[in-house]
Each structure stands twice: as C-alpha cells, then as structure tokens.
Amino acid sequence: METINRRSVVLGVLVAAAAGGRASAQSPTKWDMYAMTGVTHPITLRYKEFAEEVKKATNGKLDIIVRPAGELPFRATEVVKVAGDGQVQLAEGYQGFISGAVPLSSMASLPFLVRTGPELEKVWPIIDKYTTPLFAKAGVKNLFYHTWPAQNIFGKGKPIRTIEDFKGRKIRSTDGKQAEMLKQLGASSVSLTTAEVPVAMERGVAEGFLTAGFNVIGAKWYEFVQWGWLGDVHIGGPDYTLMNIEAYNKLDADARAKLDAVAKDFAPRFRAANLGDEAKDLETLKTKYKVDLYVPPKAEIDVLIAKMQPYWEQWSASQGPDGTAMLKEIRASLGK
C-alpha cells in the first residue's frame, strides 16, 4: 500500500509539472491588424516593424499579424466598426476614410487648416481630447497615430497651375471636406479608396487625386502620374491605429504595459519616417519619373485659405457644440 501511495504522489508531481510546462509554453495571444496599404508599401512595412517590436518586448506573448490591403474583406471606410466588433484587434483608420463613422476624427482634413507635421503635432492633444470618448463609444481606443505627408493633387492630362484650372476636373478625394473644396473650385470629386485609384485613373473615372508624393512612390502610382500641384491642402493625418478595447483589457498587465511602451516609442519614429520620405520621393518623381511638379505662390494659397475659412466654421458647427469648440481651440493653437 505504501509503495502504491508513493507512486501516486510521484505521478501527481509529474502530471502537475507537465501541466505547468504546458501553461508556460502556451500559445501567444494573436491579434490581426488591418492595414489599408499593399504588402510592399512603406506604411505596411512600418506596421510590421511595430509588430515585431511588440513581439520582442512581450517575449512572444503578443503576436500582431499585419494584414495588408486585400487580405481581409474590409474597406478602409469600415475599420471603426470592424475593430469595435472585434473582427480584428487593430485597424489602421485614416482620418478621411473614417470621417463618416467618427466625423470629428477628421477635423484636420479641413482644407488649408492643418497643413504640416509640426502643426498636427501641436494640435494633437486637442484632437485626442475630443475623439477619445467618441472612439470609446464604438468599442475602440487609439493606440497611437502616425501621419502621411501633406496632401497634394497629382494627375495626368492638362496640369493644374491656377485656381481656374480646377474647373471641370475629376479629382479623387478621401472625404467630404476635400470634396467640398473641389466643388468650390469648380471641380468634381470622386470617392475612391486607395486600392481603387489605379483602375479609376486608367478608365478615366478620375484624372487626378489627393495624396502625398510619398504615396505616389509607395503605391507605384507614378506609372500614370504626369503632374503634381503642391499646395499642401492639409496634412495627411492623423492616421489612427485603432484597438479593440475588450481585446486590450484581456491582455495581462505586463503585456499591456509593454504594448503601450512600444507604441509610445514607435509612434514618433513612424511619423518622422513618413514625413522624412516626402522630400526625397518628390525629388524622385521629378527626376526619375519626369513628373511636372508645381508649387503655387503664397498669394494664391492665401486666397484659398480665405475661401475655405467659412466652410471650416460651417462644417464644425454641423458637428454640434463639440465641433465648434474643437475648431476654435485648433485655430487658436495655430493662430489661424
């Protein structure tokens, strides 16, 4: 009987040890992340770099799998709901594309309001203050933001040189505020996600589009671009990294802390890399791909700013008291 009991104790110890070994070697938490850019685009590659840093910092406990455009059956305009429902745990939410779901998240895309990276950095605390509760209602929170460079107009056919040259042109826009600007300038807007632009340009559905030189290179759109109008319509951000709140809360405390720390360190590097690419990529467009780039004079930009200011007030007022207050704070911060 004593021998049997000893064997039972030993067996129990072995079983417990095996169970402990399985627990310590259990599979990592896997998150899917929707990215709106293609597999070789710099934005996608930088998100993958972020994912690798998270995996390393958490000792493999959190494994973020970046899903480039086309890998998941979602549109860039749907990501607030997709992330909020937990269909993915992270999703890239470009301000223009999510303006329908959370309008105030796209305040910085009002034409000629926030035009540079430093200006966006300055007003980010204001944007964050007003958007955080709105994202929370949708079940998401912003982990960090990056930004595309200034949004300009690129196209083919007759170049745009003056305000008059906008009349009658078909230009792709990424949200309603860009569309309103084009309307006021006599052009018509075409709403297209990033993946839809090449076919639209090929078929003549659009003859130009708003984006950054960085994206013309990254998305290989230089194949059908002949000219660029560099008026710095608005900065290309924030581009939010939206996270499912429930998934975040399910992480253990250490993994959450490590994720937050990597995001805080990575975000400014992500923004700097994107903005740093722009001058180089514009030069590449000009010299290698023979794209005719034009910078309008300051006097013309001043006319456009003055023309759009009433629309800033109209649009923000349409979003209620918070919209009016948010615009007022941003204008005060920028001296506009």
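Residues numbered from 1 in each chain as written. Predicted model: local features only at pLDDT ≥ 70, side-chain atom pairs only at ≥ 80, totals over all residues. Heavy atoms only, no water.

*Asks:* Go over the overall build of the chain with me, naming the residues and quoting the values.
*Replies:* Secondary structure summary: the chain contains eleven helices and nine strands in total. Once the C-alpha set of the chain is aligned to its principal axes, its extents read approximately 100 × 45 × 30 Å. In the chain, which comprises 336 residues, the proportion classed as buried is 50%. Counting 43 positive and 38 negative side-chain charges, the chain places the centres of these two groups 2 Å from one another. (Helix = DSSP H or I, 4+ residues; strand = E, 2+ residues; numbered from the N terminus. Buried < 20%, exposed > 50% of the residue type's maximum accessible area, 1.4 Å probe, protein only. Lys, Arg positive; Asp, Glu negative; His and termini not counted. Charge placed at Lys NZ, Arg CZ, Asp CG, Glu CD.)

*Asks:* With reference to specific residues and values, describe the pairing of strand 6 (residues 188-191).
*Replies:* Sheet topology places strand 5 (residues 170-173) next to strand 6; four bridges connect them, and they run parallel. Note on strand 6: the bridge partner recorded for S173 is S191. In this view, the connection linking strand 5 to its parallel neighbour strand 6 by way of helix 5 (residues 176-184) has right-handed handedness. (Pairing = 2+ DSSP bridges. Right-handed = clockwise from strand over helix to strand, strands pointing away.)

*Asks:* Can you tell me about helix 9 (residues 253-287), naming the residues and giving the values?
*Replies:* Between its first and last C-alpha, helix 9 extends 51 Å over 35 residues, near the 51 Å set by a 1.5 Å rise per residue. Along helix 9, the sharpest kink reaches roughly 30 degrees, centred on E278. Residue D252 occupies the N-cap position of helix 9, its side-chain oxygen lying 3.1 Å from the main-chain nitrogen of D254. (Expected span 1.5 Å × (residues − 1). Bend = angle between axes of the 7 residues up to and from the residue. Polar contact = N/O pair within 3.5 Å; in protein donor to acceptor, adjacent residues only side chain to side chain.)

*Asks:* Outline the side chain of H146, supporting the account with residue identities and numerical values.
*Replies:* With respect to the helices and strands, the residue H146 is situated in strand 4 (residues 140-155). Polar contacts involving the side chain of H146 include one to the side chain of Y47, which spans 3.3 Å. Residues contacting H146, with those up to four places away along its chain left out, are I43, Y47, E92, G237, P238, D239, F270, R271 and N274. (Contact = heavy atoms within 4.5 Å.)

*Asks:* Describe helix 2 (residues 42-57), and please don't skip the residues or the numbers.
*Replies:* One turn of an α-helix holds 3.6 residues; hence residues three or four places apart share an orientation. Here helix 2 spans 22 Å end to end across 16 residues, near enough to the 22 Å set by a 1.5 Å rise per residue. Along helix 2, the positions that sit buried rather than exposed are P42, I43, T44, R46, Y47, F50, A51 and V54. Following helix 2 by one or two positions, N59 adopts a phi angle in the positive range, close to 55 degrees.

*Asks:* Just give me the short version of unusual backbone geometry, but keep the residues and values in it.
*Replies:* Cis geometry is adopted by the peptide bond preceding P238, which originates at G237 and carries an omega value of 10 degrees. Counting through the fold element by element, P238 comes out in strand 8 (residues 227-244). Positive phi, normally seen in glycine, also occurs at N59, with a value near 55 degrees. Mapped onto the elements, N59 comes out in the loop between helix 2 and strand 2 (62-67).

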